[in-house]
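Here are the chains, one letter per residue:
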Amino acid sequence: MSMNKVSWQSPSNIALVKYWGKKSGQIPANASISFTLDSCHTRTTVEWEQIEADGAPFHFEIFVDGEEAPDFRPKIETFFQRTAELLPFLPSVRMRIDTSNSFPHSSGIASSASGLSALSLCMGDIALQMGAVDEEGFERFCSILSRLGSGSASRSVYGGLVVWGQHKDIPGSNDSFAIPYPHHVEHVFSTYRDTVLLVEVGQKSVSSTKGHGLMNGHAFAEARFKQAEENMSEMIQHLQTGDLHHFGELVEAEALTLHAMMMTSRPGYMLFRPNTIEILEKVRTFRTEEKVPVHFTLDAGANVHLLYPASAEQKVHTFVEQELKQYCKDGRYIHDSVGGGPKRLTE
Ligand code: DP6
């Protein structure tokens, strides 16, 4: 019997206002907004066939870059446990999951966002074929699945600017699934570039999931959630007017606050490295001296994302090559752009 096949490419995303802390389960403590990237993506193929249910909740094999990858099983098992009700056909399918990233795993380039969204889009496609969801509800359904896999993944189901989490100034915003950003956005932001500077490649010392957990009972948690709410409102203004200076100031403040929350957790921890700090300082000096609108942001890791409009591309590329590359692990960095989105690879 031939296997059925679904295949998706789904990008990573970079948050401008960060999701850090959960109310309960996979419900965010505050709304967040991100740019979906393009070149940093995961490609996942699920080959599947129907089988007689045998009492087991799911049956799958997982291959990463063509090699069987048992280390990835626990994360995927958790995903299937959390999504079991939405995917009622799970016990009666057998799947072979093949996945590969365009960037290093666990490098802090939000590989869980692209990985879990790519898998969710594949599962959504199977759900379509099984009649568990219709075309109209497809993206929303996949965003819910993605959220259950990893919160930030809920935003990767759409291209462009994406919001996840209920916010008073964003109609339709919701804690369960992400939505495309609904307000006016100045044209300059559609030209934005993101250069990811790989300061450290490898497993992080503290996972994001654990970090979110440390926001429970955190001395500054309530102040942070209130600030994030206000920062979302402020972001709406900057996206509307195209005020790159204040936009960038806010983006950098969000990044530093994220890491400040980590440092002031109990126990506190640091994910940035000396080279991260070297880069942040160099970026600020370069911006002031050269008057180039380039700003940094950070995920929950040591790597730095540089955000800038296409008009600054040449200057920033030269700056990265001449002054920042030396702080990157093996001199590695990735030039990416915003405006990508997930792509179905099967007909
Ligand atoms: C720092 O989405 O990885 O990237 O929901 O526990 O899987 P889980 O966490 P995850 O958190 C990442 C948060 C962040 C900021 C952001 O993307 O908003």
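As the structure is a prediction and not an experimental result, all values here were calculated from the model.

A. How the structure looks around the packing of aromatic side chains. In total, this model carries 11 aromatic pairs according to the counting rule given. Taking the centre distance of 6.0 Å and the plane angle of 50° together, the rings of Phe58 and Phe60 count as tilted. Here Phe58 matches Phe60 in class, with each residue buried. Chaining the aromatic ring pairs together yields one cluster made of Phe35, Phe189, Tyr192 and Phe247. In this structure, Arg73 is placed above the aromatic ring of Phe60, and the distance from its NZ or CZ to the ring centre is 4.0 Å. One cation-aromatic arrangement involves Arg344 over Phe138; the distance from NZ or CZ to the ring centre is 5.5 Å.

B. Spotlight on the side chain of Thr42. Among the structural elements, Thr42 can be located in strand β4 (residues 32-50). In terms of polar contacts, Thr42 uses its side chain to reach the side chain of Asn101, at 2.6 Å. A polar atom in the side chain of Thr42 sits 3.4 Å from the backbone nitrogen of Gly115. Not counting residues up to four positions away in its chain, the partners in contact with Thr42 are Trp8, Gln9, Ser10, Thr99, Ser100, Asn101, Ser111, Ser114, Gly115 and Ala118.

C. Main features of the pattern of salt bridges. Applying the stated rule across the entire model yields 16 salt bridges. We note a salt bridge from Arg94 to Glu61, for which the minimum N-O separation is 4.0 Å. Residue Arg94 is found in strand β7 (residues 93-101), and its partner Glu61 is found in strand β5 (residues 59-64); the two are separated by 33 residues along the sequence. Judged by relative accessible area, which is 30%, Glu61 ranks as partly exposed. For Glu252, the salt bridge is made with Arg287, and the minimal N-O distance between the two is 2.6 Å. Of this pair, Glu252 sits in helix α6 (residues 244-263) while Arg287 sits in helix α7 (residues 274-290), placing them 35 residues apart in sequence. Exposure remark for Glu252: the relative accessible area of 2% places this residue in the buried category.

About the criteria used
- Residues numbered from 1 in each chain as written.
- Predicted model: local features only at pLDDT ≥ 70, side-chain atom pairs only at ≥ 80, totals over all residues.
- Heavy atoms only, no water.
- Phe/Tyr/Trp six-rings, centres within 6.5 Å; stacked < 30°, edge-to-face > 60°.
- Buried < 20%, exposed > 50% of the residue type's maximum accessible area, 1.4 Å probe, protein only.
- Lys NZ or Arg CZ within 6 Å of the ring centre and 35° of its normal.
- Helix = DSSP H or I, 4+ residues; strand = E, 2+ residues; numbered from the N terminus.
- Polar contact = N/O pair within 3.5 Å; in protein donor to acceptor, adjacent residues only side chain to side chain.
- Contact = heavy atoms within 4.5 Å.
- Salt bridge = Lys/Arg side-chain N within 4 Å of Asp/Glu carboxyl O.

These results come straight from atomic positions and should not be treated as a statement about function.
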